[in-house]
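Each chain, letter by letter, is given below.
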Amino acid sequence: MSNESLANLLKEDRRFAPPADLAAHANVTAEAYEQAKADRLGFWAAQARRLTWATEPTETLDWSNPPFAKWFKDGRLNVAYNCVDRHVEAGHGDRVAIHFEGEPGDSRAITYAELKDEVSRAANALTELGVSAGDRVAVYLPMIPEAVVAMLACARIGAAHSVVFGGFSADAIAARIKDADAKLVITADGGYRRGKPSALKPAVDEALSREGTQGVAKVLVVRRTEQDVAWTEGRDLWWHDVVGKQSAEHTPEAFEAEQPLFVLYTSGTTGKPKGILHTSGGYLTQASYTHHAVFDLKPETDVYWCTADIGWVTGHSYITYGPLSNGATQVIYEGTPDTPHQGRFWEIVQKYGVTILYTAPTAIRTFMKWGDDIPAKFDLSSLRVLGSVGEPINPEAWVWYRKHIGADKCPIVDTWWQTETGAMMISPLPGVTETKPGSAQRALPGIAATVVDDEANEVPDGGGGYLVLTEPWPSMLRTIWGDDQRFIDTYWSRFEGKYFAGDGAKKDDDGDIWLLGRVDDVMLVSGHNISTTEVESALVSHPSVAEAAVVGAADETTGQAIVAFVILRGTADADDAELVGQLRNHVGTALGPIAKPKRILPVAELPKTRSGKIMRRLLRDVAENRQLGDVTTLTDSSVMDLIQTKLPAAP
Ligand code: ATP
Ligand code: MG
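From a predicted model like this one, the values you see are computed outputs, not experimental measurements.

**Some thoughts on the sheet that holds strand β22 (residues 464-469)**
Thought 1: Pairing in this open sheet of four strands is antiparallel, and the strands run β21-β22-β24-β25 from one edge to the other. Lying at the two open borders of the sheet, with one neighbouring strand each, are β21 (449-452) and β25 (513-518). Across the sheet, the mean angle separating the axes of adjacent strands is 45° when strand polarity is ignored.
Thought 2: Pairing analysis gives four bridges linking β21 to β22, with the strands arranged antiparallel.

**Some words on the environment of Thr-533**
Thought 1: Within the element layout of this structure, Thr-533 appears in helix α17 (residues 532-540).
Thought 2: You can call Thr-533 buried: its relative accessible area is 7%.
Thought 3: Put simply, Thr-533 and Val-639 are 106 residues apart on the chain and 21 Å apart in space, counted from C-alpha to C-alpha.
Thought 4: Discounting chain neighbours no more than four positions away, the residues touching Thr-533 are Pro-392, Leu-515, Leu-516 and Gly-517.

**Remarks on the packing of α17 against helix α18 (residues 577-591)**
Thought 1: Where α17 meets α18, the closest approach of the two axes is 9 Å, and the angle between their N-to-C directions is 120°. Considered as vectors, α17 and α18 are oriented oblique to each other. Here the hand of the crossing between α17 and α18 comes out right-handed. In this structure, α17 uses Glu-534, Val-535, Ala-538 and Leu-539 to contact α18, whose residues at the interface are Leu-583, His-586, Val-587, Ala-590 and Leu-591.

**Thoughts on the nonpolar core**
Thought 1: Leu-115, Leu-152 and Tyr-321 are the most contacted members of the largest nonpolar core, which totals 137 residues.
Thought 2: Per-element accounting of this core gives the leading share, 10 residues, to helix α6 (residues 145-157).
Thought 3: Non-local contacts of Leu-152, meaning those with residues more than four positions away in its chain, are made with Ala-80, Cys-83, Val-84, Leu-115, Val-119, Thr-320, Tyr-321 and Leu-324.
Thought 4: Grouped together as the second largest cluster of nonpolar side chains are 30 residues, Trp-305, Ile-348, Met-368 and Leu-383 included.

**As for the confidence of the model for the protein chain**
Thought 1: For the protein chain, mean pLDDT is 94; residues scoring 70 or higher make up 97% of the total.
Thought 2: Both confidence scores are given for the complex: pTM 0.95, ipTM 0.99.

**So, the packing of aromatic side chains**
Thought 1: Across all of its chains, the model carries 35 aromatic pairs by this definition.
Thought 2: Between Trp-473 and Tyr-499 the ring centres are 5.2 Å apart and the planes differ by 80°, which places this aromatic pair in the edge-to-face class. Of this pair, Trp-473 sits in the loop between β22 and β23 (479-480) while Tyr-499 sits in strand β24 (residues 499-507); the two residues are 26 residues apart in sequence, bridging distant segments of the chain.
Thought 3: With a centroid separation of 6.3 Å and an interplanar angle of 70°, the aromatic rings of Phe-487 and Trp-492 are classed as edge-to-face. Trp-492 carries the same exposure label as Phe-487, and that label is buried.
Thought 4: A network of ring pairs unites the aromatic residues Trp-63, Phe-68, Trp-473, Phe-487, Tyr-491, Trp-492 and Tyr-499 as a single cluster.
Thought 5: Taking the ring centre of Trp-238 as reference, the NZ or CZ of Arg-223 above it sits at 5.4 Å.
Thought 6: Lying across the ring of Trp-514, Lys-506 places its NZ or CZ 5.3 Å from the centre.

Quick notes on the rules
- Residues numbered from 1 in each chain as written.
- Chains lettered and ligands numbered in written order.
- Predicted model: local features only at pLDDT ≥ 70, side-chain atom pairs only at ≥ 80, totals over all residues.
- Heavy atoms only, no water.
- Pairing = 2+ DSSP bridges.
- Helix = DSSP H or I, 4+ residues; strand = E, 2+ residues; numbered from the N terminus.
- Axes fitted to C-alpha atoms, helices over the stretch in contact; angles between N-to-C directions.
- Buried < 20%, exposed > 50% of the residue type's maximum accessible area, 1.4 Å probe, protein only.
- Contact = heavy atoms within 4.5 Å.
- Parallel < 35°, antiparallel > 145°, perpendicular 65-115°, else oblique.
- Left-handed = near helix turned anticlockwise from the far one by under 90°.
- Core = buried A, V, L, I, M, F, W, Y, C linked by side-chain atoms within 4.5 Å.
- pLDDT = per-residue confidence, 0-100.
- Phe/Tyr/Trp six-rings, centres within 6.5 Å; stacked < 30°, edge-to-face > 60°.
- Lys NZ or Arg CZ within 6 Å of the ring centre and 35° of its normal.

This is the structure in structure tokens:
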């Protein structure tokens, strides 16, 4: 973004008060904001007591060497003990921790007592295989309970895991194994995806033939699909052989609060992935607190379901660490939302009586495209809180989610955070906040976020600019693995003493925060900074548009011109010039003439990362007739070929 602040174009006046009964019994009330404001570190020290420490910390934050933070540094704890054993000791061993739903329809319920046994066996197995505290273990698994068990087994022995999303290629696995210097890989023969077994082990085999991966001594293989696998004797071992024969007794050792817990590479929406390092005590404190506060989780009665993959930070913080540290009962689903039919998610909600659902805007837009009649066939009345994460949610998608999934009563929590922040940072609280479609609204208690202009001045209400975090937080990344300088340069150099998130944002007249997309994506049209998110949301609010991606392409007269790629709904005709004209005018009416796209191109698909986010930089390459940049984190690179052939020559 240059000189001028981000224009504040979109007006959204719909408001939704929290349901009275939820507000009356909410885990967290408005008081939390006051407490945290009066004594921020005291607030986090109190939240740390949600955990069970072997040695209670006496120091909350050491910020003597910024930006390298140490939280609760003289405390000691075992993360896996906090997620499993202590619930069993408290008499909840029979509570279901995981309702696993396989894509082919197989299911398993795992209680906390069973989870404790399985994690203990896996921890014993890792120790037997020579993994010790401080080592790294790469995890490349489908969405099966063993993924959670593997993560917790690493945590239990003080080794850091590095989970690689199961859809990534051999190249991506090799690069991550090499960067993290992993000693062992945990994988599976395969997993079920779109109705058939999809192999995983061949990618690991290929990755391990690459330069720089020789540090991997053993590969532990979970049997899931029973497909044939190549076998390297002396290196490859079956999980059921090695883990199965272990004792279910394992004494968890306490580690320092700053013991590395995991390295996770970011999704790669903007470029080369970064290995984000998270540690133990602070991370678990914030993952646990936010899961309790933002979802209003009642562990005795709620059934929670986060649809993210374990390969993303959402899966780490809101499948493994947050829910399990809180003793939640959760659903884990292996497969895709349209297998074997487009109602699969809603069938799962109905089957398990899911009360809290956490998913992504990309999924919600897909459900909208598939039609209202599909969720209407299922009983979704158990739902009480709905969450969103991953991208700004278009107000129309938000309203659809509330109406067609949440029976017009469930509060929606739009949670802004990043791999780097480790846990949620900006979000409504379901029993407190009057929500606004499309806004993440307010920094959570204990979190300090604001919006600044180019000169690092806080913008007034109604202004736009860059989202920054002005105080350290417990689950903050500690560094980029092996690259302290890149950590400083990427996050702490743009604005002195503030964390630069890389996202554009605005404050509305109430001071609530609206995320406006990545700073790299913001467009500069005739001297005005315009948010891609706002133009996309305006397009999506037209009944003929299911999804939209907007980019600024170099333009001789206006500096940049707005180019929109749209996916039309059901019957709309892609060659209808009149419709394209209507869409331009629709944006003009919603946001003003400056935001009218110069070109609107109907397409069949949009390029997305494997975590489902729109990759605008590739569309910008197309719109400017350039060679495509790095496509390795794209779900399906043929999408780009299709879009390029559809693109008329630039005028
Ligand atoms: P990379 O950093 O490698 O380019 P990435 O930023 O997509 O990839 P993540 O850490 O998974 O990787 O995503 C965090 C980003 O997702 C945020 O910086 C923001 O752009 C977007 N995001 C997440 N949640 C929200 C939300 N609720 N509202 C708006 N944007 C969101
Ligand atoms: Mg990012």
